[in-house]
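Overview (structure and organization)
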Amino acid sequence: MPANTSEYIMIMPFIFLGAAILFSIVIEISTKKSEEILPWLSIISFFIVALYSLLNINNQAVLFNGMMEVGGKSAIFNFIFNLGAMLITISSIEYIKKYGTYYGEYYILIQSSVLGMMIMAGSNDLIMIFLGLELMSICFYILAGINRKKLTANEASMKYFLLGAFATGFIVYGIALIYGAAGSTNISFLITNFSNLLTNIIFVTGFILFLIGFSFKIAAVPFHMWVPDVYQGSATTVTGLMSTTGKTAAFSVLIIALTAVFTLKAPNNFRNYFAVISTLSMLLGSIVAISQNNLKRMLAYSSIAHAGYMSIGLAAGNIDSIAGIIFYLAAYTFINIGAFSVISIVEGENDSRIDIDSFSGLNSKSPVLAALMSLFMFALAGIPPLAGFFGKYYVFVGAIESGLTWLAIIGVLSSVISVYFYLRVVVYMYFKEPIQNFQIEISPFALTSVIISSALVLIFGIMPDLLMNIITSVIKL
Amino acid sequence: MQENLILTYLLIIPIVGSILVLFFDEEQKSVIRWFGFLISLIAFIISLIAYKQFNPQDPQFQLIHKVLWIKSLNISYHVGVDGISLILILLTTFITPLTLLSTWKAIDKNVKMFTFSMLLLEAGMLGVFMSLDIFLFYIFWEAMLIPMYFIIGIWGGERRIYASIKFFLYTMFGSLLMLVAIIWLAVYASNQTGMFTTNLIDLYKVGPTIARSIQNWMFLAFFLSFAIKVPIFPLHTWLPDAHVEAPTAGSVILAGVLLKMGTYGLVRFCLPLFPQAAVHYASFISILAVIGIIYGALVSMVQPDMKKLVAYSSVSHLGFVVLGIFAMTVESMQGAVIQMINHGLSTGALFLLVGVIYERTHHREIEYYGGIAKIVPVYSTLLMIVSLSSIGLPGLNGFVGEFLILLGSFKSQVLNSWWYTIFAASGVIFAAVYLLWMYQRVVFGEVKNTNLFQELTDMNKRELLVLLPIILFIVWIGIYPSTFLKLTEVSVQTILQNISIHTFDFLK
């Protein structure tokens, strides 16, 4: 059946962003002023797509012979991706110049990776998932090493590429096995026949390989080895993008792929898998983060721990916990982008000033920056009434509804541990005198992005319903 | 239902005040100080209006204001008071302006942020006492940690960082387990009644129906959180650090109000929500309370540092409160509520007085002083009155609370033994020992340290203005406690009646 015009209209945001990418390439080739034009072009296109997705949440449809799904939760995800990418792009404008690595492809790669994420979240077919994943990941591999003259960036890029390719291998192999067993890669088909297929050992093996591959992508223990080095070595804004929207995209796929498991009321062995990786991630992430002095590395371990909290929702697998994960992802995206943007403002040349020492006495240097950074730290620690708290709260509610009280208890215990290292940043900023003597040049763009993030963190904390009502209205199991 | 906005105004005033403070110029210190003081004074006046509107004969929660806040979780902004919460709200609004006034000289760095934190802290504490939704309660309970953390961490003593983190982590640990219990309770309610709810008034009906084995766990999760806050022996180790390192204002608020949040939580949540479990654990907790009374007193006795001495005396005094609560008789619980107020006033005043001489000499060691009666007679008199009140001399406030608690625990059916009372009573004697001994070493005798002649000056008008209102109430409660007892009597009876309904067969 040939696709009709209305289907092309439904995927307008994809076409629009694709066009923006092509247009950016043309600009990059044809004019020397691309450095001035490209960021704004990206910001505007991200903003338009984010807005479009937000307004079209209720236009749900399955398109192209069941290859893609638009509207509903994929629209929410698109909103998160684009808003996140927009904030990161705003922070990048000055940072990337200061960092001394302006290359035209930077913004184009960000745009392409976002397109990849959108395809992942909107796919209804394993092949589409794979396409989106590759588009996103390859852009990330390059972005991680965008500063080609820096050794650590090269290391990050190489490590990310090798391990990422390895994980993708798992996913492809899993998809192949699933196709071999089921005879289809269509997710709706797989969901309908899930209980029959579970008796097929080849299908189960394929599905497990698929889950393991995505456990790499969400940075869950024991598949987390790449995270600290990659997050530390990459440019700070790139880390901000990978750790938030990248994780969100991987979770969006897991939610799609596990829908069958969630709806199936029968005993579910995948629950144990997620319960185990979430326990390991929470504990390892929180405990190892304590001893980190490099803030980016600390946030990398914190990102592992947060993957653990979110996986609690996957283990619980009921409607509240899935809604909770999506809320959590949105909250985490804005908190983390804010935190990384603050780091990118304070950061100096050649990886200087990303140690916790550089933040000592920040309050006396820039009270605004210190206050906003503490806001993000408290939000990550899950102190109410900030967005991070509600993310955890919704997920814990889901867990307890599914009888996983023990997992919620482990979750809160590791939250207590994590409070220590988040507070440590606050301690340095407020309770200590400046150790290093340097002036902070606050770029107005980056500050804008930080302020928007903090406003979102506060708004979603005080009125979580604004976002939660949208999420619950479109989620069905 | 009749909506009454007075509590909401009371809550909003300090929040708005704290935001407005941010717009002042850091250099205008005295303007900021006056502004903070005035805001907290307005809050006090509003709480007095609330007191006027409150009807102590009505056993229901009053002055209720309820607005649906988070629809997806059925959480409401739901505030209201009974006698117990109202008296603690009054204590909070009474102590806060005095505390702010007391810091006019001591806090000279970052005055803006200090005033901001104090006002936010006041709002948090008021929110804790007036929430009728467990979730809302939890939010205030946690949010209040942040300003206190900054107060200890920025304006504290040498080991302030250690103390502030310890304070934060201890409280967080307990309260996060409570969070799991809160969610569990709400989910249980949704299974029972079909409605996911954290409304306290609804949960009062649901809580006692939980099976005993699970109820015990739920009780312990709540109890742990409150026990850390009180603090009950052996969870008290954060308290001396926090008190000693905090600036005077921090210590006063900590002792005056923050610790009461723990005991308030026991009365408001632990007992009515899980009555069977509460009765089950009553003797165990009372034993801890009695150990706390004696241990706190003994440790106080040997402290060389005045502030630490007062801090440990808190452990002892709060032990009385906990004993009073878990004896579960009208007398003992009335005594416990009055003792919460007493401790807020007396210990708050003791910290203020230690702060007064510390500001002048920068020494808190008892050894440094001696014979200061000759140098600062007014100060010495005030210290005498406050110490005697803390000891529990008849005619002053401490006596009323301790006597009622001892009387109530003596005839308590739940505890059913005299030994608690006998051991607890010894705590009163020890209190006399450690406070009078300190008083003797500091105030009487010859002046050994000649520096004191230059350093010490007697109380100035501002300091008198801070302490005299407290002393007024110390004497008032001591001579005519009915004013305060009447306010809480019906509420206490209601709570105990509810417990006895659910544990009737259990007690036999």
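Higher on the page you've got the structure.
What comes next is a walk through the structure. (Residues numbered from 1 in each chain as written. Chains lettered and ligands numbered in written order. Predicted model: local features only at pLDDT ≥ 70, side-chain atom pairs only at ≥ 80, totals over all residues.)

**Section: the overall build of chain A**
Looking only at helices and strands, chain A features 21 helices and two strands. Its C-alpha atoms give chain A a radius of gyration of 21 Å, near enough to 23 Å, the size a compact globule of 477 residues would have. Along the first, second and third principal axes, the C-alpha set of chain A runs to 65 × 55 × 40 Å. Counting all 477 residues of chain A, 61% fall into the buried class. Counted over contacts in chain A with a minimum sequence separation of 6, partners at least 24 positions apart contribute 79%. (Helix = DSSP H or I, 4+ residues; strand = E, 2+ residues; numbered from the N terminus. Rg over C-alpha atoms; globule rule 2.2 N^0.38 Å. Buried ≥ 20, exposed ≤ 12 C-beta atoms within 10 Å, placed from the backbone. Contact = placed C-beta atoms within 7 Å.)

**Describing the pairing of strand β2 (residues 75–81) of chain B**
Residue and element names in this part refer to chain B. Of all seven residues in β2, six are buried, a share of seventy percent or more. Bridge count between strand β1 (residues 62–70) and β2: six bridges; the pairing is antiparallel. Within β2, the position partnered with K66 by the bridge is H78. As consecutive antiparallel partners, β1 and β2 are separated by four residues, and within that stretch N74 has a phi angle of approximately 55 degrees, a positive value. (Pairing = 2+ DSSP bridges.)

**Remarks on the nonpolar core**
In this structure, A:F327, A:F376 and B:C270 are the most contacted members of the largest nonpolar core, which totals 387 residues. Considering each element in turn, this core owes the most residues, 21 residues, to helix α7 (residues 160–193) of chain B. (Core = buried A, V, L, I, M, F, W, Y, C linked by C-beta atoms within 7 Å.)

**Notes on the interface of chain A and chain B**
Facing 25 residues of chain A, the contacting portion of chain B comprises 24 residues. Those elements that place two or more of their residues in the side of chain A that touches chain B are α18 (387–401), α19 (405–431) and α21 (465–474) of chain A. For the side of chain A that touches chain B, the leading source of residues is α19(A), giving twelve residues.

**Concerning unusual backbone geometry**
A cis geometry characterises the amide bond from A:V221 onward to A:P222, with omega recorded as 5 degrees. The topology assignment puts A:P222 in the loop between α10 (201–217) and α11 (226–233). Looking along the chain, the bond that leaves B:V230 and enters B:P231 is cis, with omega of -10 degrees. For B:P231, the location among the structural elements is in the loop between α9 (212–229) and α10 (238–245). For A:A219, which is not glycine, the phi torsion reads 65 degrees and is therefore positive. Mapping A:A219 onto the fold places it in the loop between α10 and α11. In the Ramachandran plot, B:M328 falls in the positive-phi region, its phi being about 55 degrees despite a non-glycine side chain. On the secondary structure map, B:M328 appears in the loop between α13 (306–327) and α14 (330–361). Among the residues examined, B:M328 registers 26 C-beta atoms within 10 Å and is labelled buried.

**Here we look at helix α15 (residues 377–391) of chain B**
All names here are of chain B. Counted at 1.5 Å a residue, the expected span for α15 with its 15 residues is 21 Å, and the 21 Å between its end C-alpha atoms agrees. Among the residues of α15, those classed as buried are Y379, L382, L383, V386, S387, L388, S389, S390 and I391. Packed against the buried residues of α15 are α13, α14, α16 (397–410), α17 (419–443) and α19 (461–479). Two residues or fewer after α15 comes G392, characterised by a positive phi angle close to 100 degrees. (Expected span 1.5 Å × (residues − 1).)

In short, the description is geometric, and any link to function would need to be established separately.
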